[in-house]
Amino acid sequence: METQLSNSGNPSAKPVQRAPLALSGLDFKLLKVFKAVVEAGGFSAAQNELNVGLAAISKQISDLEIRIGMRLCTRGREGFCLTEEGSLVYQASIELFASVDKFRDRLSSAQNELVGDLSIGVVDNTISDENSPLISALRLINDESPKVRFRLHAAQLDEVERGVVEGRFIAGIVPVYQRREEFDYFKLYEELSEAYCGVGHPLFDVDDALIDVDVLRTQPFINHRYAIHRDKLNFVGQDSHSASASQVEAVAMLIQTGRFVGFLPRHYAAAQVAAGKLRALRPEVIRFSTAFNLILRHNTTRSPLIKSFAQALGVDLKVPAQD
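Definitions and cut-offs
- Residues numbered from 1 in each chain as written.
- Predicted model: local features only at pLDDT ≥ 70, side-chain atom pairs only at ≥ 80, totals over all residues.
- Heavy atoms only, no water.
- Helix = DSSP H or I, 4+ residues; strand = E, 2+ residues; numbered from the N terminus.
- Buried < 20%, exposed > 50% of the residue type's maximum accessible area, 1.4 Å probe, protein only.
- Polar contact = N/O pair within 3.5 Å; in protein donor to acceptor, adjacent residues only side chain to side chain.
- Contact = heavy atoms within 4.5 Å.
- Arc of directions from axis to C-beta.
- Expected span 1.5 Å × (residues − 1).
- Axes fitted to C-alpha atoms, helices over the stretch in contact; angles between N-to-C directions.
- Parallel < 35°, antiparallel > 145°, perpendicular 65-115°, else oblique.
- Left-handed = near helix turned anticlockwise from the far one by under 90°.
- Core = buried A, V, L, I, M, F, W, Y, C linked by side-chain atoms within 4.5 Å.
- Pairing = 2+ DSSP bridges.
- Right-handed = clockwise from strand over helix to strand, strands pointing away.
- pLDDT = per-residue confidence, 0-100.
- Phe/Tyr/Trp six-rings, centres within 6.5 Å; stacked < 30°, edge-to-face > 60°.

**Examining the side chain of Glu191**
Right, on to step 1. Structurally, the position occupied by Glu191 is in strand E6 (residues 183-198).
Right, on to step 2. With relative accessibility at 6%, the residue Glu191 sits in the buried group.
Right, on to step 3. A polar side-chain atom of Glu191 sits 3.0 Å from a polar atom in the side chain of His267.
Right, on to step 4. Leaving out residues up to four positions away in the same chain, Glu191 has contacts with Thr126, Asp129, Pro265, His267, Phe288, Ser289, Thr290 and Phe292.

Here it is, written out as structure tokens:
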């Protein structure tokens, strides 16, 4: 017996037309949960952010899938992974909540009151830098606009930049090694870095007068993969990289083995130097500075919240940083 599916001569069945989704308060809540799960990297990782249990998160995602008629992700032993539809919904949710924030900003401007989420990405291991204006800026905004909710994320450089591009962060505070056309840059401060070795390294107890750039070039060096600084090449031999690391803390760990020399921010290394675990090598000569900038997505409207944050940082948004 022939059926419509088995009869290849018959016209194809028309795709089922779904009614447009009318978003309710519940849909907004479920989309927020889904967005948080994606940005955390999975159900388990999102528990702390959402402050709910794994079973509740799983049910909420299942409810969302039923409501919009799409399979959004796979989960289980193979791990968390977005489907093609899930990626589409995630990007749409970013745009949706950005629009909500924009609507809220307009209302708060009319009321002369700042509200909303201040989602900022900042490169990790910068808390000890007294030159950074971030903490004092957050304190000022909290004092003047207590309804603003802080969403502060410390991460590696590429993750912060990606978050700003995708709209997960409305701003980032990052070191600038190479400019990207996706961002507008605004100067904040300079971070000073110096060369260090650890206890047990051949240079640890050598007199400063016997250490120069040529001596340094002969040492096994740690390649800090994200810190691609041109001035560093003045002190490091081209073939001297014997280890690599992606974060400041990982560089410090390798230096403490006593087998490698590496560059660290002076503010970060200070406590370990004081403890006798690290030694700066000719810091008056072997040093360089890295510019830290506020980054905003290029050619986007500056909301009142962004403008207030920039002002608290001491940044004039009309004066972008120069190359």
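**Let's talk about helix H6 (residues 157-166)**
Right, on to step 1. Residues of H6 that are buried include every one of Leu157, Val160, Glu161, Gly163 and Val164, and no others. Around the axis of H6, the buried residues are gathered within 160 degrees of arc, so they sit on the same side.
Right, on to step 2. Buried residues in H6 make contact with strand E3 (116-123), strand E4 (148-155), strand E5 (171-175), E6 and strand E11 (287-297).
Right, on to step 3. Gly167 sits one or two residues past H6 and shows a positive phi near 90 degrees.

**Re helix H3 (residues 54-68)**
Right, on to step 1. Helix length check: H3 (15 residues) gives 21 Å between terminal C-alpha atoms against 21 Å at 1.5 Å per residue, within 8%.
Right, on to step 2. Every buried residue belonging to H3 is among Ile57, Gln60, Ile61, Leu64, Glu65 and Ile68, and all of these are buried. Projection of H3 onto a plane perpendicular to its axis shows the buried side chains occupying an angular sector of 140 degrees, all on one side. Away from the buried face of H3 by more than 90 degrees, exposed residues Ala55, Lys59 and Ile66 are located.
Right, on to step 3. Gly69 lies just past H3 and shows a positive phi near 70 degrees.

**Describing the packing of helix H5 (residues 134-144) against helix H10 (residues 304-313)**
Packed helices, taken two at a time, are described by the angle between their axes plus the distance between the axes.
Right, on to step 1. In the contact formed by H5 and H10, the axes pass within 8 Å of each other and the chain directions differ by 130 degrees. Taken together, the axes of H5 and H10 are oblique relative to one another. The way H5 lies across H10 gives a crossing that is right-handed. Here Leu134, Ala137, Leu138, Leu140 and Ile141 of H5 lie close against H10, whose contacting residues are Ser308, Phe309, Ala312 and Leu313.

**Topic: the nonpolar core**
Right, on to step 1. In terms of nonpolar packing, the biggest core is built from 24 residues, with Leu118, Ile173, Leu188, Leu294, Phe309, Leu313 and Val315 touching the most fellow members.
Right, on to step 2. Put simply, the parts of the chain that give this core at least two residues each are E3, H5, E5, E6, E11 and H10.
Right, on to step 3. In terms of residue count, the dominant contributor to this core is H10 (six residues).
Right, on to step 4. Excluding residues that lie within four positions of it along the chain, Leu118 makes contacts with Leu138, Ile141, Val148, Arg149, Phe150, Arg151, Ile170, Leu305 and Phe309.
Right, on to step 5. In this structure, Leu31, Val37, Leu72 and Ile94 belong to the second largest nonpolar core, which totals 18 residues.

**What about the pairing of E4?**
Right, on to step 1. Looking at chain direction, E3 and E4 are connected through eight bridges and run parallel. The residue of E4 that forms the bridge with Ser119 is Arg151.
Right, on to step 2. In terms of handedness, the path from E3 via H5 over to E4 forms a crossover that is right-handed.

**A word on the confidence of the model for the protein**
Right, on to step 1. For the protein, mean pLDDT is 86; residues scoring 70 or higher make up 88% of the total.
Right, on to step 2. Under a pLDDT of 50 for its full length, residues 1-17 has, in the predicted model, three contacts with residues more than four places off or in other chains.

**A word on the packing of aromatic side chains**
Right, on to step 1. Applying the stated criterion across every chain yields a total of six aromatic pairs.
Right, on to step 2. When the ring of Phe28 is compared with that of Phe97, the centres are 6.2 Å apart and the planes differ by 70 degrees; the resulting orientation is edge-to-face. Pair noted here: Phe28 is in helix H1 (residues 25-40) and Phe97 is in helix H4 (residues 84-111), with a separation of 69 residues, a long-range link.
Right, on to step 3. Judged by centre distance (5.9 Å) and plane angle (50 degrees), the ring pair of Phe43 and Phe80 falls under tilted. Of the two residues, Phe43 sits in the loop between H1 and helix H2 (47-50) while Phe80 sits in the loop between strand E1 (73-74) and strand E2 (81-82), which places them 37 residues apart along the sequence.
Right, on to step 4. Of the residues examined, Phe43 reaches a relative accessible area of 10% and is grouped as buried.
Right, on to step 5. An aromatic cluster is present here, built from Phe221, Phe263 and Phe288 joined pairwise through their rings.

**A look at unusual backbone geometry**
Right, on to step 1. In this structure, Asn51 takes a positive phi of about 60 degrees despite not being glycine.
Right, on to step 2. With respect to the helices, strands and loops of the structure, Asn51 is situated in the loop between H2 and H3.
Right, on to step 3. For Asn51, a relative accessible area of 69% corresponds to the exposed category.
Right, on to step 4. For Asn299, which is not glycine, the phi torsion reads 60 degrees and is therefore positive.
Right, on to step 5. Within the secondary structure, Asn299 sits in the loop between E11 and H10.

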